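Summary of structural features
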Number of protein chains: 2
Amino acid sequence: MDRNSPIGVFDSGIGGLTVLREITRLLPNENTIYLGDTARVPYGSKSKETVERYSFEVANFLIKHDIKLLVAACNTASAYAVPKLKRELKIPVLGVIEPGAKAAVSVTSHNKIGVIGTEGTIRSSAYCTAIKSVNPEVSTFTKACPLFVPLVEEGWANDEVTALVAERYLCDLKDSGIDTLVLGCTHYPLLKETIASVMGSAVTLIDSAASTAAEVKRILSESNMFNAKTGQAKHRFFVTDSPERFLTVGRRFFGDNLSEAELAQLTEN
Amino acid sequence: MDRNSPIGVFDSGIGGLTVLREITRLLPNENTIYLGDTARVPYGSKSKETVERYSFEVANFLIKHDIKLLVAACNTASAYAVPKLKRELKIPVLGVIEPGAKAAVSVTSHNKIGVIGTEGTIRSSAYCTAIKSVNPEVSTFTKACPLFVPLVEEGWANDEVTALVAERYLCDLKDSGIDTLVLGCTHYPLLKETIASVMGSAVTLIDSAASTAAEVKRILSESNMFNAKTGQAKHRFFVTDSPERFLTVGRRFFGDNLSEAELAQLTEN
């Protein structure tokens, strides 16, 4: 394993770019390779078996590109596939759920944490398990919000339709007395304003992206694996469907630096 | 080819069940095999190359089950893959676009037809091409409505959120003076009431499902391929992801007769 190798980051599509953005902000000297599995997006409505299979196919592709660390920048993949990826791969593997859970536990004052995410992430109970393993005293309240992703992808993040959907999805969480809400899907940071205005200022929103980037930094630091070369870091982007839509929608997540994406051919697991 | 063989019907997921329902209503003596490609749903936001590849993999699976006719009960697959499927397969192949286009042309009085569908279907211009090949005098007006599918799948077909989204998507079409609107996605028949209340009673809504079923009947009749055996017709259902969600959501489309679905293993094309 070479310390000058890139960090591998994957997601079902474009959402993981919010995590990549935080990693490149915190570690501007690191090279990265991102893969969005846009030919099979979304993962959030699919079964554990399917998401696990897809995640291994993607991981194998990135490993062939000689990555030194793998980040599953997708909550559903983190919930369903990261435990097995950690067991079977020879490089460090990191999901977004543990960092998000730790951040939420450190913030809650009344030990009441809410979690929102895709159907798969919520069904897996992965956040509740991770939160309770940090502090068993915490009560968790969850809600799947399947329309949030298509609303963000439509570009309606700040829109009356999205506000109405958020009111509907979040009303029970609001009544539950939580003081902390985990945004358990990489698309949701783009809805921060809308969600905050429904939940009110007494509820702290937790975005896993920043805490995941901090965890990446900690792992590289502990293993002395920071990139030794300085200069312009390289960022490569791969997708499994044609790159056009990824580039258009992806800029909402990553900014104008996203100018090129290559087509990846995955090998079936 | 055996006249007692089943009719093969496929879709990216559950939407094609609206077409299957019309086929089984019109041809209650025919056996059918349905495949929903739920591990890779949706097709509507993906590229032509990817949708074509997926459609061939699904078609090959159904052909191994000895179907006598193939129906692409998915507008995006019909737009992107049916031309090539027709050229390369040895059995009759039918999409939903030509029947829908013919039905719309036969209904319009002012030669102004609107078409709504997924991003892929609208981008392909397949409906406009099909409509103009029947009557070049007709003007067409189109709009992609990507949120309609997730709204139906959430079970919000008749809901104030969906009404608001429909108002937004359809306002330009309403101002265009169309008298006929093609529901160019198999999910949209479940939104008929909402769409009708936005468009008003002067606009006729065209649902391809019934006209596609009529076209299936015509082909079987002309080629003398009706099932010769009478008795209880058999309906098999296959999916590529685990069947649970398909069965739950699919009942909204097909009714309580949908009780069992098998897992299909597709071979890469």
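The following refers to the structure shown. In this text the structure is predicted, and so the values were computed from the model without any measurement.

1. Some thoughts on the overall build of chain A
- Within chain A, the secondary structure is distributed over twelve helices and ten strands.
- Against the 2.2 N^0.38 benchmark of 18 Å for 269 residues, chain A shows a C-alpha radius of gyration of 18 Å, consistent with a compact globule.
- Taken along the three principal axes of its C-alpha coordinates, chain A extends 50 × 40 × 35 Å.
- Residues counted as buried form 59% of the 269 residues belonging to chain A.
- Taking the intrachain contacts of chain A between residues at least 6 apart in sequence as the baseline, contacts between residues at least 24 apart amount to 76%.
- Element-wise, carbon and sulfur atoms account for 47% of the exposed surface of chain A, whose accessible area totals about 10900 Å².
- Distance between charge centroids for chain A: 5 Å, based on 29 positive and 31 negative side chains.

2. Some points on the interface of chain A and chain B
- Taken together, the 29 residues of chain A in the interface contact 29 residues of chain B.
- For the pair chain A and chain B, the two sides together bury roughly 2500 Å², of which 53% comes from carbon and sulfur.
- One can count six salt bridges joining chain A with chain B.
- Linking chain A with chain B are 16 residue pairs in polar contact (both at pLDDT 80 or more).

3. Notes on the pattern of salt bridges
- On inspection of all chains with the given rule, the structure shows 30 salt bridges over all chains.
- In this structure, the salt-bridge partner of Asp37 of chain A is Arg40 of chain A, at a minimum N-O distance of 2.9 Å.
- On the accessibility criterion, Asp37 of chain A (0% relative accessible area) is buried.
- We classify Arg40 of chain A as buried; its relative accessible area is 10%.
- The salt bridge involving Glu119 of chain B is made with Arg245 of chain A; its shortest N-O contact spans 3.3 Å. One end of the pair, Glu119 of chain B, is in helix 6 (residues 119-124); the other, Arg245 of chain A, is in helix 12 (residues 243-254), on a second chain.
- Since its relative accessible area comes to 26%, Arg245 of chain A is described here as partly exposed.
- If you follow the salt bridges from partner to partner, you end up with Asp37, Arg40, Arg53 and Glu57 of chain A in one network.

4. Quick look at the packing of aromatic side chains
- Under the counting rule described, the total for this entry stands at 16 aromatic pairs over all chains.
- Seen in terms of ring centroids, Phe148 of chain B and Tyr169 of chain B are 5.3 Å apart; in terms of plane orientation they differ by 85°. Their pairing is edge-to-face. One end of the pair, Phe148 of chain B, is in helix 8 (residues 148-153); the other, Tyr169 of chain B, is in helix 9 (residues 160-175), with 21 residues separating them in the sequence.
- The exposure class of Phe148 of chain B is buried, given its relative accessible area of 1%.
- Grouping aromatic residues by their ring pairs yields a cluster made of Tyr34, Phe237, Phe246 and Phe254 of chain A.
- Between the NZ or CZ atom of Arg168 of chain A and the centre of the ring of Trp156 of chain B, over which it lies, the distance is 4.7 Å.

5. What about the relation of the copies chain A and chain B?
- Rotating chain A by 180° and translating it 0.0 Å along the rotation axis places it on chain B, where the RMSD comes to 0.0 Å. The operation mapping one copy onto its partner corresponds to a two-fold rotation axis. Residue Arg40 of chain A of chain A places its C-alpha closer to the rotation axis than any other residue of that unit, at 2.4 Å.
- Most of the interface of chain A is mirrored in chain B, where 100% of its interface residues again form contacts.

6. A look at unusual backbone geometry
Residue and element names in this part refer to chain A.
- The omega torsion of the bond from Val41 to Pro42 falls at -5°, within 30 degrees of zero and hence cis.
- As for its position among the elements, Pro42 is in the loop between strand 2 (32-36) and helix 2 (48-64).
- One non-glycine residue, Asp66, lies in positive phi territory at about 65°.
- Looking at Asp66, the relative accessible area reads 45%, which means it is partly exposed.

Definitions and cut-offs
Residues numbered from 1 in each chain as written. Chains lettered and ligands numbered in written order. Predicted model: local features only at pLDDT ≥ 70, side-chain atom pairs only at ≥ 80, totals over all residues. Heavy atoms only, no water. Helix = DSSP H or I, 4+ residues; strand = E, 2+ residues; numbered from the N terminus. Rg over C-alpha atoms; globule rule 2.2 N^0.38 Å. Buried < 20%, exposed > 50% of the residue type's maximum accessible area, 1.4 Å probe, protein only. Contact = heavy atoms within 4.5 Å. Areas by Shrake-Rupley, 256 points an atom, 1.4 Å probe, with all protein chains shown as cover. Lys, Arg positive; Asp, Glu negative; His and termini not counted. Charge placed at Lys NZ, Arg CZ, Asp CG, Glu CD. Buried area = accessible area lost by both parts, 1.4 Å probe. Salt bridge = Lys/Arg side-chain N within 4 Å of Asp/Glu carboxyl O. Polar contact = N/O pair within 3.5 Å; in protein donor to acceptor, adjacent residues only side chain to side chain. Phe/Tyr/Trp six-rings, centres within 6.5 Å; stacked < 30°, edge-to-face > 60°. Lys NZ or Arg CZ within 6 Å of the ring centre and 35° of its normal. Least-squares fit on C-alpha atoms with pLDDT ≥ 70 in both.

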